[in-house]
Amino acid sequence: MSSHFESQPDDAQEAAGILLLRVALALLGEARLRGNFGDNTDLAERAAALATEFAGGVPSPYPKHPAIEGSLLRPDRISLSAPFGEGGSIVESLDLDGILFDGGTAFGVTYKQVEPNEMNPEERADLERRQAKWRVEQERRQRFTASGFVRSVAAPSQPGATVPILAVELFEDGFYVEFTYDTEPPTFDLDEMTAEQFLAREKDPEITVEDDLGTEYFESGGGCGGGVRVSHSSRGFAPAPPPNARILRITAGGAPVELDLQP
Amino acid sequence: MCGHSARLAITSEMAPASIERRELLEMALRPLGALGAGAEFPQDEAGIEALIGRLAEGRPSEPKRFAHEDHGQLPRYDGERTTWLSPAGDGALRVRQEHPWDLTSEAVVLRPDGRIGEFESIDGFGVPDSELTDQALADRAAHKRRARKLAEQEQELEQQLEEEQARFRTGNLIRTVAAPPGQAPTGPAVAYVALYKTGVMINYLVPRPSDEELESDDPFAEPLTEAMFPSLEIKDGLGTEFKSVDVDCVDENSSPLRARVSFVPAVPTAARSLRISFATTAVEIELGAP
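Bear in mind the structure is a predicted one, so any value in this text is a computation, not a measurement.

To continue, consider the sheet that holds strand β12 (residues 230-238) of chain A. Residues and elements named next belong to chain A. The five strands lie next to each other as β7-β8-β9-β12-β11, forming an open sheet whose pairing is antiparallel. Single-partner strands in this sheet number two, and they are β7 (149-154) and β11 (218-226). Within this sheet the neighbouring strands show an average axis-to-axis angle of 20°, counted without direction. The pairing of β7 with strand β8 (residues 165-171) spans five bridges and is antiparallel. Bridging across to β8, Ala-154 finds its partner in Ala-167.

All right, on to the pairing of strand β4 (residues 104-110) of chain B then. Residue and element names in this part refer to chain B. Most of β4 sits inside the fold, with seven of its seven residues counted as buried. Side-chain alternation along β4 places Thr-104, Glu-106, Val-108 and Leu-110 on one buried face and Ser-105, Ala-107 and Val-109 on a second face that is also buried. In terms of strand pairing, strand β3 (residues 92-99) meets β4 through seven bridges, oriented antiparallel. Counted as the bridge partner of Arg-94 is Val-109 from β4. Bridge count for β4 against strand β5 (residues 120-123) is four bridges, and the pairing is antiparallel. Looking across to β5, one finds that Ala-107 is bridged to Glu-120.

All names here are of chain B. Of all seven residues that make up strand β2 (residues 83-89), six are buried, and the element is covered over most of its length. Where strand β1 (residues 66-68) and β2 come together, three bridges link them in parallel fashion. When the sheet's bridge partners are listed, His-68 is paired in β2 with Leu-85. Across six bridges, β2 lies against β3 in antiparallel orientation. Each residue of the ladder has a partner; that of Gly-89, found in β3, is Ala-92. Linking β2 to β3, which pair antiparallel, is a turn of two residues; within it Asp-90 sits at a positive phi near 55°.

Within the largest apolar cluster, 56 residues are counted, with the highest numbers of intra-cluster contacts made by Val-168 and Val-177 of chain A together with Tyr-192, Val-193, Ala-194, Val-200 and Ile-202 of chain B. Ranked by residue count, the leading element in this core is strand β7 (residues 189-196) of chain B, at eight residues. Once residues lying within four places of it in the same chain are set aside, the contact partners of Val-193 of chain B are Thr-176, Val-177, Val-200, Met-201, Ile-202, Leu-274 and Ile-285 of chain B.

Residues and elements named next belong to chain B. Mapped onto the secondary structure, Ile-285 falls in strand β13 (residues 282-286). According to the C-beta neighbour criterion, Ile-285 is partly exposed, with 18 such atoms within 10 Å. C-alpha of Ile-285 to C-alpha of Leu-161: the two residues are 124 residues apart in sequence and 31 Å apart in space. In this view, Ile-285 contacts Val-177, Ala-179, Val-190, Val-193, Ser-273, Leu-274 and Ile-276; residues no more than four positions away in its chain are not counted.

It is worth spelling out helix α3 (residues 121-141) of chain A at this point. With 21 residues, α3 of chain A should reach 30 Å at 1.5 Å per residue; the first-to-last C-alpha distance of 30 Å fits that figure. Of all 21 residues making up α3 of chain A, only zero are buried, and the element is barely covered by its neighbours.

Conventions we followed
Residues numbered from 1 in each chain as written. Chains lettered and ligands numbered in written order. Predicted model: local features only at pLDDT ≥ 70, side-chain atom pairs only at ≥ 80, totals over all residues. Pairing = 2+ DSSP bridges. Helix = DSSP H or I, 4+ residues; strand = E, 2+ residues; numbered from the N terminus. Axes fitted to C-alpha atoms, helices over the stretch in contact; angles between N-to-C directions. Buried ≥ 20, exposed ≤ 12 C-beta atoms within 10 Å, placed from the backbone. Core = buried A, V, L, I, M, F, W, Y, C linked by C-beta atoms within 7 Å. Contact = placed C-beta atoms within 7 Å. Expected span 1.5 Å × (residues − 1).

In structure tokens form, the structure reads like this:
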């Protein structure tokens, strides 16, 4: 399977946004007299018809979708969606009092899937090997649930470190390593960037963890972080250190930092 | 009356950003919703003021100002991105939103059935300077004063931004201190504090609200954010007045939720402990010797 990002044409997105709001106004103009938005089927049909009318009679360019999709959330609240480009859509919710909320724009990712029947036995075996490996990795990634917080352990001072470790937050089934590092303002140009460059533009440093018992720790439970000019980040690991582990040794690019696990 | 805007110069070379037209239509939804079962929009000032009084409020953090303007008068600019409503005849309403940063407007006539007329892009007041009224001259002078003040503040704002962005860079980090174990899991629990030369960061966990508690009829309610950032104050025993300068959602998908609040100034080196108080619980962190 291969995938690539495709930027959506701005004018199509802008036109879809305006069309959605014109349909919203017309639907509200009818609903306010009734005191509700009617039933779901009528609403969907009316939204599609209004969209065609406001587009000058031109039918939806999307074979599987009307230009505006309307659905009833409750008698006084509807959701509207306007597809655009390849897989993009604008969504909004509207209340009978004229308040628009929960708006957003989703951008599509197009991909070409290689059908399994196009594979030769060697390719199929390779795919199955990779799928099995992915399932194992997935299981490991989900092992740490971070549901039972136990305590934190502060890291010793690390003067001059480019990626200082701040602390670990210990949970019953894993732990987070908290760390920080300086970043510089982004200089990238989204329009000129390939999908690979976009995904690789800023990566958290690699973190490895060991203890004095030789426990094998693996990344689990996800991570997060960010910030302008400095990132404060968090990365999950599993399993939790055994009760008799005394030292947690964390490496983040530079010299390892040892955290004393003994309470 | 629908043709009253013919006095205004509609500059065809202007290319109004679609976002401005979208926002105009979004604003137009509110008076339409406030009209309720009324057959037509009011055509007098008192009626339009009453309509404005009935507008739904929207997101509390983003108040939108609406005001009446007379039909046929030059556009007003009060510098507050106001949406101006005026009678347009035949039960319709003219909805105009000002863009105070460049003294332009986008307008549209809204009928009671929700249909709209053509968009109007208005540059300034839409008339030659010789036709400007006293009100228009006053609005323009106020715009120039605001622009001048903004330019004067620019350097100060840049310095402030630089200070904020650099405050918690690694070079300012002194050390971290773990909170004591055994805090009740039923309330907020402090994980650790990070002491900087420039401030202090409090990292804590709070129980995740139930799915029922996260459901709300109010589209602008933010129960997750409210749960994540309960009232929090810190005291160092020395009387330092700490001010919260930043809040960070560390992980809103976790249970418990993880968050961080940053304060200034730095904790003085003479401080031996830090008391962190939430509404329902408090924890004392021994800072030890620096």
